[in-house]
Amino acid sequence: MTASKTDSSARNGRRGATQQKLLAFASLIVLVIGFSVANSNFMQVSNLLAILQAASVNGVLAIGVTLIIITGGIDLSIGTLMTFCAVMTGVVLTWLGAPLIVGVVTAIGTGALSGLISGSLVAKMKIPPFIATLGMMLILKGLSLIVTGTRPIYFNDTPGFDQISRGSLVGWVVPAFPVPNGVLILFVIAGLVSWVLSRTVLGRYTFALGSNEEAVRLSGVNADAWKMAIYAVAGAIVGVGGLLIASRLNSAQPALGLGYELEAIAAVVIGGTSLSGGRGTILGTLIGALIMAVLTNGLRVLSVAPEWQTVVTGAIIIVAVYADQLRRRAPG
Amino acid sequence: MVGRSAPPAHLAVRGIHKRFGGVHALKGVDFEVARGEVMALVGDNGAGKSTLMKVLAGALTADEGQFFLDDRPVGVNSPNDAAALGIQIVYQDLALCENLDVAANLSLGTEPVKPGWGFLPRLLRPLDELEMEVRARSAIDRLEVRTLQSVRAKVGGLSGGQRQAIAIARAVGAQSTVVMLDEPTAALGVAQTRQVLEVVKRMRETGHAVVYISHNMRDIFEVSDRICVLRHGSNVATYRTADTNPDEIVVAMTRGLDPSTSDAA
């Protein structure tokens, strides 16, 4: 801790996370090298882009839930919320024929509203986050099925909708490496949220709430309002995730969503964010999401059965959390 | 029976009653503290010290009683009222965020933000870390906390005495005139207790009115100017520390006053 005194934000509540982030980053490199040695197809540009594309939705959801986990909460509703946002987008775009921008606003607005409701349940009604968001998870899953009558909504009438995720602005500039817009959006959101967390008042309170909520309250801060704001911001980010998945599938699939929340939480944990709150980074979460995508893709390239991919992912989560425990038990 | 001693009271309360259902926790308590004075508040368990402190801090609302700040009647019905009047409390469990550094903890709730971002809502404005450090540095220097290496050190890595000093610095830094300390040395070793007592003495020089709650007679006699003894929710007496001794205080705490020796101050 002897670096320049002004470069302080990078250090807030995160010294511990740095080591795990390095560990996660090293694991990512090792995986990439390992897979590319094992199979030369792995390093092809098309495959790397596929990995990034696969990481984009999970990454966006994971960034949202990182915020909540740092406050010491959890959000189990993000998977079905993602779907509900996609469904609502389908309702306004396909059923009501609204212009594209209205669909985008609807997705983000629906996410923020749902996040606000979850936040109120947690902050105002004092329902434990696990239970509150478990309830929201089921409510949103049901609502998606009710609204759509269990049938998917397609976006064939909205030209350009699939470009949100599958188009490539980067491809215009660098034709050799046409990064899909979905990935671009992931990185933009990661950058923005990272800035918010490390530099702004909201970020400061996010870490403070995760460490000692009572201290925040006693400092005259309206802790409940800030908590609700954090859940709402996370919900809005999940709304972007809903847009991305709908765009990628060019449809809103109402049965989808369950299980996405656990994948996102897994990415967060692999990235070194503590489930007990107060510690975590967006960069770590991004690396966590990439590790999961690389693993899934790499094992597929090596023709490992998908069943085994799930087993390996589970094992990695346990190893990541164990590494976190070991570090915290160590003195200093 | 509050002793009418020399310095004019800065914060004074008269006839405070507080009931919790059938329990009459405070039965018409009088209390006062002057600027530049350390007033110890002592009493056996259940005497009403913590209740009185919470009433003073606005965390509890008195059922009856009056508040005066510099002889002006005021109302304290919430922690925000108390904070607005410059009354700050340092809780026993400290209320610090261990994952944040000293500067962040000292400015928690009053974070300075960079100018020029007014178009954003406050929650998204960037923190002015430099200003935060300057403020923290001046708060620490004012209390002469010498052992602290850097205001960028994480609170989680500090000793108990340093944490207590940080908590006190935060109370002092919040433009307060009254600082209440609840058992500030209860969990500390000898050297760290010394450090905290130095900080408390320093607050006398900065013109704060300090309320010091403790069970430790040695600390009380080292640091206080007067000692207010409560028993069963009522005043026993207020003593000048220089005119009394630990035995007398302990007797007052446990048995109250012999009628013949009342009003010792």
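Since we're looking at a predicted model, the values are computed, not measured. (Residues numbered from 1 in each chain as written. Chains lettered and ligands numbered in written order. Predicted model: local features only at pLDDT ≥ 70, side-chain atom pairs only at ≥ 80, totals over all residues.)

**A few points about the overall build of chain A**
Alright, step 1. Broken down by element type, chain A carries 14 helices and two strands.
Alright, step 2. Relative to the 2.2 N^0.38 estimate, which gives 20 Å for 332 residues, the radius of gyration of chain A is 20 Å and therefore close to what a compact globule would have.
Alright, step 3. In terms of overall dimensions, chain A has C-alpha extents of about 55 × 50 × 40 Å along its principal axes.
Alright, step 4. Per-residue burial for chain A yields a buried fraction of 54% across its 332 residues.
Alright, step 5. Look at the contacts in chain A between residues 6 or more apart in sequence, and 78% of them connect residues 24 or more apart. (Helix = DSSP H or I, 4+ residues; strand = E, 2+ residues; numbered from the N terminus. Rg over C-alpha atoms; globule rule 2.2 N^0.38 Å. Buried ≥ 20, exposed ≤ 12 C-beta atoms within 10 Å, placed from the backbone. Contact = placed C-beta atoms within 7 Å.)

**A short note on the overall build of chain B**
Alright, step 1. Helix and strand content of chain B: eight helices and 10 strands.
Alright, step 2. The C-alpha atoms of chain B give 19 Å as radius of gyration, which agrees with the globular expectation for 265 residues (18 Å, within 12%).
Alright, step 3. The principal-axis extent of the C-alpha atoms belonging to chain B is close to 65 × 40 × 35 Å.
Alright, step 4. Taking all 265 residues of chain B together, 48% fall into the buried category.

**Re the environment of Ser251(A)**
Residues and elements named next belong to chain A.
Alright, step 1. Within the secondary structure, Ser251 sits in strand β2 (residues 251-252).
Alright, step 2. On the basis of neighbour counts, which here come to 21 C-beta atoms within 10 Å, the residue Ser251 falls in the buried class.
Alright, step 3. Sequence-distant contacts of Ser251, defined by excluding residues within four places in its chain, comprise Pro152, Ile153, Tyr154, Phe155 and Ala246.

**Points about the interface of chain A and chain B**
Alright, step 1. Of the residues lining the interface, 29 residues belong to chain A; the matching set on chain B comes to 28 residues.
Alright, step 2. Breaking the side of chain A that touches chain B down by element, the ones donating at least two residues are α8 (181-199), α9 (201-211) and α10 (213-218) of chain A.
Alright, step 3. Of the residues contributing to the side of chain A that touches chain B, the split by class is 11 nonpolar, 11 polar and seven charged. (Nonpolar A, V, L, I, M, F, W, Y, C, P; charged D, E, K, R; others polar.)

**A word on helix α3 (residues 78-95) of chain A**
Residues and elements named next belong to chain A.
Alright, step 1. Taking 1.5 Å per residue as the helical rise, α3 with its 18 residues ought to reach 26 Å, and the 24 Å between its terminal C-alpha atoms agrees with that figure.
Alright, step 2. Burial within α3 is extensive, with 15 of its 18 residues counted as buried.
Alright, step 3. One or two positions beyond α3, positive phi appears at Gly97, with a value near 70°. (Expected span 1.5 Å × (residues − 1).)

**Overview of the environment of Gln66(B)**
Residues and elements named next belong to chain B.
Alright, step 1. Among the secondary structure elements, Gln66 is positioned in strand β4 (residues 64-69).
Alright, step 2. Taking the C-alpha atoms as reference points, Gln66 and Val13, 53 residues apart in sequence, are found 5.5 Å from one another.
Alright, step 3. Not counting the four nearest positions on each side in its chain, Gln66 is found in contact with Val13, Arg14, Gly15 and Pro73.

**Quick look at the sheet that holds strand β1 (residues 9-20) of chain B**
Residue and element names in this part refer to chain B.
Alright, step 1. A sheet is described by the order of its strands in space; here four strands give the open sequence β2-β1-β4-β5, paired in antiparallel fashion. Of all strands in the sheet, those with a lone pairing partner are β2 (23-34) and β5 (72-74), marking the two edges. Each adjacent strand pair in this sheet contributes to an overall mean axis angle of 25°, direction not counted.
Alright, step 2. Relative to β4, β1 runs antiparallel, the two sharing five bridges. Counterpart to Val13 in the pairing with β4 is Phe67. (Pairing = 2+ DSSP bridges. Axes fitted to C-alpha atoms, helices over the stretch in contact; angles between N-to-C directions.)

**Things to note about the sheet that holds strand β7 (residues 178-182) of chain B**
Residue and element names in this part refer to chain B.
Alright, step 1. Ordered by their spatial adjacency, six strands build an open sheet running β6-β7-β8-β3-β9-β10, and the pairing between neighbours is mixed. Here the strands that pair on one side only, and so sit at the sheet edges, are β6 (87-90) and β10 (234-240). Averaged over all pairs of adjacent strands, the angle between their axes in this sheet comes to 20°, without regard to strand direction.
Alright, step 2. Its contacts with the sheet put helix α6 (residues 190-205) on β3 (37-43), β7 and β8 (209-213), and the angle it makes with β8 is roughly 150°.

**Looking at the pairing of β1(B)**
All names here are of chain B.
Alright, step 1. Where β1 meets β2, nine bridges bridge the pair, whose relative direction is antiparallel. Each residue of the ladder has a partner; that of Lys18, found in β2, is Leu26.
Alright, step 2. Counting the residues in the hairpin turn of β1 and β2 gives two residues, including Gly21, whose phi is positive at 60°.

**Re the confidence of the model for chain B**
Residues and elements named next belong to chain B.
Alright, step 1. Confidence in the prediction of chain B, expressed as mean pLDDT, is 86, and 94% of residues score 70 or more.
Alright, step 2. Residue range residues 260-265 is modelled with pLDDT below 50. Its contacts to residues more than four positions away, or to other chains, number 14 contacts.
Alright, step 3. As scored by the predictor, the complex reaches a pTM of 0.84 and an ipTM of 0.79. (pLDDT = per-residue confidence, 0-100.)

**Thoughts on the packing of helix α2 (residues 45-70) of chain A against helix α13 (residues 282-301) of chain A**
Residues and elements named next belong to chain A.
Alright, step 1. One way to put it is that α2 packs onto α13 with a least axis distance of 8 Å and a crossing angle of 140°. Taken together, the axes of α2 and α13 are oblique relative to one another. Classified by chirality, the crossing of α13 by α2 is right-handed. Two secondary-structure elements touch here, α2 through Asn47, Ala50, Ile51, Ala54, Ala55, Asn58, Gly59, Ala62, Ile63 and Thr66 and α13 through Ile282, Thr285, Leu286, Gly288, Ala289, Leu290, Met292, Ala293, Val294, Thr296, Asn297 and Val301.
Alright, step 2. Considering only residue class, the contact of α2 with α13 consists of 14 nonpolar, eight polar and no charged. (Parallel < 35°, antiparallel > 145°, perpendicular 65-115°, else oblique. Left-handed = near helix turned anticlockwise from the far one by under 90°.)

**So, the packing of helix α12 (residues 260-270) of chain A against α13(A)**
All names here are of chain A.
Alright, step 1. Axis separation between α12 and α13 bottoms out at 7 Å; the angle between their running directions is 120°. Relative to α13, the element α12 lies oblique. Where α12 crosses over α13, the two elements pack in a sense that is right-handed. On the side of α12, the interface is formed by Glu263, Ala266, Ala267, Val268 and Ile270, while α13 contributes Thr285, Gly288, Ala289, Ile291 and Met292.

**Details of unusual backbone geometry**
Note: most residues except glycine have negative phi, and most peptide bonds are trans.
Alright, step 1. Of note, the phi angle at Thr150(A) is positive, near 65°, even though the residue is not glycine.
Alright, step 2. For Thr150(A), the location among the structural elements is in the loop between α5 (129-148) and β1 (153-154).
Alright, step 3. You can call Thr150(A) exposed: it has 10 C-beta atoms within 10 Å.
Alright, step 4. Not every positive phi belongs to a glycine, and Glu183(B) is a case in point at roughly 50°.
Alright, step 5. Relative to the helices and strands, Glu183(B) resides in the loop between β7 and α6.
Alright, step 6. Judged by the 19 C-beta atoms lying within 10 Å of it, Glu183(B) falls in the partly exposed class.

**Digging into the environment of Val105(A)**
Alright, step 1. The topology assignment puts Val105(A) in helix α4 (residues 100-123).
Alright, step 2. Along the backbone, Val105(A) and Leu243(A) are 138 residues apart, and their C-alpha atoms lie at a distance of 9.9 Å.

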